[in-house]
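Notes for the structure review
What follows is the residue order along each chain.
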Amino acid sequence: MRTILLFWAASLIGLSAQQTLNLEQAVAYALEHQAKVKTTELDMKIGQAKVRENVATGLPQLDGSGGYTYNIQSPEFVFPDFINGNPNQFITIPAAPLNQASLGLNASMLLFNGQYFVGIATAKQFLELTKAQHELVERDVRLQVTKSYFLALMAEESVATLDSSLKLMEKTLSEIRATQAQGFAEILDVQQLELMYNNTQNLRVQAGNGLTLALAGLKYQMGWPLMQDLALAESLSDFIQPSEWDNLVQSLPDSIATSSRKEFDLISRQLIINDYQIKLQKAESMPTLVSNLSYQHNFFNSERFLLGSGTQGANGGLAFGLRLSVPIFSSWNRMYKLKQYQLEKKKTEIQREDLSQALQLEYQSSSSALKEAVLRFKTQQKNLNLAREVRRVNGIKFKEGLINSLTLTQIERQFYEAQQGYFQTLFDVLSRKADLLKSMEKF
């Protein structure tokens, strides 16, 4: 944690000043910037909002309303003219004022609903599911960045190896040319070394392109800008730990408790959600009781504008009510929905059992792969030491004229292949170790 804090303190000064990262810093950067990590963080926030939304559904709700009517031509009531003693004649009275307006408030609250509390609990389980998914993504990102970091280091070693070989070849080629010019070496030896040098240059170009792609892959896994330079602070040799590998291999159990794996936890949480979905569907058959309180006030006048001096107000009424809704018959709709959720739960149970077997197989495969990789590394380490000594001795022999350039070329190729094999097996050990720790949920 302290390393991560120091890393981010440095990044506040300016990311451009921090271009060289070790593995721990690369992983810390990825956990903050990688797209999948940020996406699952947003999923958790969405889950939190969903829980609050479900809770708010059962809390008091308050709605306001308003309306305005301007009666361009008001309807009229017709009455006999009893007032003036002319019952055979009629008078008219406007049925509505020129301006009418109303303001109202309506408050409601859910008093009882079988799905409400189950729905809240289900939403909380979905939130826990998103948290588990986030932890799973973080673990996978750590694994991907680690393997990509090792791959980039291996590409760097390949470039460094070829650069070293080219320097040695340039020196040897310069010496053999001088010797040939004096008549003590054949032109065929010079040409043979030039051919080897040219082929090695081509390999160097390929290795350089491989390094560029490996670094681009690492940047992508980290969420690092692809156009921004990135250098690695460590070398592949920094991770050589033969004694630790031996101890790890010797202490491996025959099997693991798959329940500790994040994948198993994830599907177990899905099973819990299946149970809540069944409960939620059963709760659909329960009654719903809602309370309601409403108030309205009216304003009116027969003047040109509503807010004139003659505007009057009238109480539109204050009312309280209860509404009970009881499901009676749905033509078996709810029953078949429930059946679907029950079958979904059985599917999840089968998937969990299959996952347990798959995780156990993954562990056994990873442990076997690591054991094999460690043995191959040790063999390749011996081969490299032998190839280095053969190269040294035959380099002296070539200068003394005891072997020809063709033999030297073969020995140089043999040394290069031994060196490449050494770094490849080292990468394999580190990669297999990461896979094994992941299968044991220790990564």
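In this text the structure is predicted, and so the values were computed from the model without any measurement.

1. Let's talk about the overall build of the protein chain
Within the protein chain, the secondary structure is distributed over nine helices and eight strands. Expected size for 443 residues packed as a compact globule is a radius of gyration near 22 Å; at 40 Å, the protein chain overshoots this value by more than 25%. Burial status across the protein chain gives 37% buried among its 443 residues. Across the protein chain, every contact between residues at least 6 apart in sequence was considered, and the portion connecting residues at least 24 apart equals 79%. Carbon and sulfur atoms provide 56% of the accessible area of the protein chain, an area that totals close to 26300 Å². Distance between charge centroids for the protein chain: 4 Å, based on 44 positive and 44 negative side chains.

2. Thoughts on the sheet that holds strand β8 (residues 312-325)
The antiparallel open sheet is built from four strands, whose spatial order is β2-β5-β7-β8. With one partner strand each, in any of the chains shown, β2 (61-70) and β8 form the two edges of the open sheet. Taking the axes of each pair of neighbouring strands and ignoring which way they run, one obtains an average angle of 15° across the sheet. Inspection of the sheet shows strand β5 (residues 99-113) paired to strand β7 (residues 288-301) by 14 bridges, in the antiparallel sense. Bridged to A101 within β7 is F299.

3. Description of the packing of aromatic side chains
Under the defined criterion, the tally for this structure stands at seven aromatic pairs. Ring geometry for Y116 and F117: centres 4.9 Å apart, planes at 70°, overall edge-to-face. Here Y116 falls in the buried class, since its relative accessible area comes to 14%. Centroid distance F377 to Y422: 5.3 Å. Interplanar angle 35°. Geometry classified as tilted. You can see F377 sitting in helix α8 (residues 333-399) and its partner Y422 sitting in helix α9 (residues 405-439), a full 45 residues away along the chain.

4. Some words on a nonpolar patch on the surface
A contiguous nonpolar surface patch, about 880 Å² in accessible area, is contributed by M109, L111, F112, M286, L293, Y295, L318, F320 and L322. Where the nonpolar patch is concerned, the elements lending two or more residues are β5, β7 and β8. As for its placement among the helices and strands, M109 is situated in strand β5. In this structure M109 comes out as partly exposed when scored by relative accessible area, which is 34%.

5. Description of the confidence of the model for the protein chain
For the protein chain, the mean per-residue pLDDT works out to 89, and 95% of the residues sit at or above 70. Helix α1 (residues 2-13) is the least confidently modelled element of the protein chain, averaging 46 in pLDDT, while helix α2 (residues 23-33) averages 96, the highest of any element. Taken together, the stretch residues 1-18 has pLDDT below 50 and engages in 15 contacts with residues farther than four places along the chain or on a different chain.

6. Points about the environment of K124
Tracing the sequence through the fold places K124 in helix α4 (residues 114-181). We classify K124 as partly exposed; its relative accessible area is 47%. Between the alpha carbons of K124 and G47 there is a distance of 7.7 Å; along the sequence they are 77 residues apart.

7. A word on the pattern of salt bridges
Applying the stated criterion to the full structure yields 22 salt bridges. Linking R261 and E263 is a salt bridge whose minimum nitrogen-to-oxygen distance equals 3.1 Å. E263 shares its class with R261; the two are buried. Salt-bridge contacts for R392 lead to E389; the nearest nitrogen and oxygen are separated by 2.6 Å. With R392 and E389 both in helix α8 and three residues apart, this pair spans about one turn of that helix. Relative accessible area serves as the criterion here: at 46%, R392 is assigned to the partly exposed category.

Parameters and conventions
- Throughout this document, residue positions are counted from 1 along each chain, in the order its sequence is written.
- A pLDDT threshold of at least 70 governs which residues receive local features in this predicted model, and a stricter bar of 80 or more applies before side-chain atom pairs are shown or counted, although totals over entire chains, interfaces and linings include all residues.
- Only hydrogens and water are removed before side-chain values are computed, so all heavy atoms of the structure are retained for them.
- Strands are runs of DSSP state E lasting at least 2 residues, helices are runs of H or I lasting at least 4, and numbering of each runs from the N terminus.
- Radius of gyration here uses only the C-alpha atoms, and the compact-globule reference equals 2.2 Å multiplied by the residue count raised to the power 0.38.
- Each residue is assigned to one of three classes by its accessible area relative to the maximum for its type, calculated with a 1.4 Å probe on protein chains only: buried under 20%, partly exposed between the two thresholds, exposed over 50%.
- Should any heavy atoms of two residues lie within 4.5 Å, those residues are considered in contact.
- In this description, accessible areas are obtained by the Shrake-Rupley approach with a 1.4 Å probe, and a residue is regarded as covered only by the protein chains that are shown.
- In summary, the charge assignment counts Lys and Arg as positive and Asp and Glu as negative, without counting His or the chain termini.
- All charge positions are set by atom: Lys at NZ, Arg at CZ, Asp at CG, Glu at CD.
- Any two strands with at least two DSSP-identified bridges between them are counted as paired.
- Interaxial angle, 0 to 180 degrees, is taken between N-to-C directions of lines fitted to C-alpha atoms, where a helix line uses only the stretch in contact.
- Stacked, tilted and edge-to-face pairs are distinguished by plane angle, under 30 degrees for stacked and over 60 for edge-to-face with tilted covering the rest, among Phe, Tyr and Trp rings (Trp via its six-membered ring) whose centres lie within 6.5 Å.
- Surface patches are drawn from residues lacking salt bridges whose relative accessible area is over 30%; two like charges belong together within 9 Å, two nonpolar side chains (Val, Leu, Ile, Met, Phe, Trp, Tyr) within 5 Å.
- What makes a salt bridge here is a side-chain nitrogen of Lys or Arg within 4 Å of a carboxyl oxygen of Asp or Glu, nothing more.
- Per-residue confidence from the predictor is reported as pLDDT, a score between 0 and 100.

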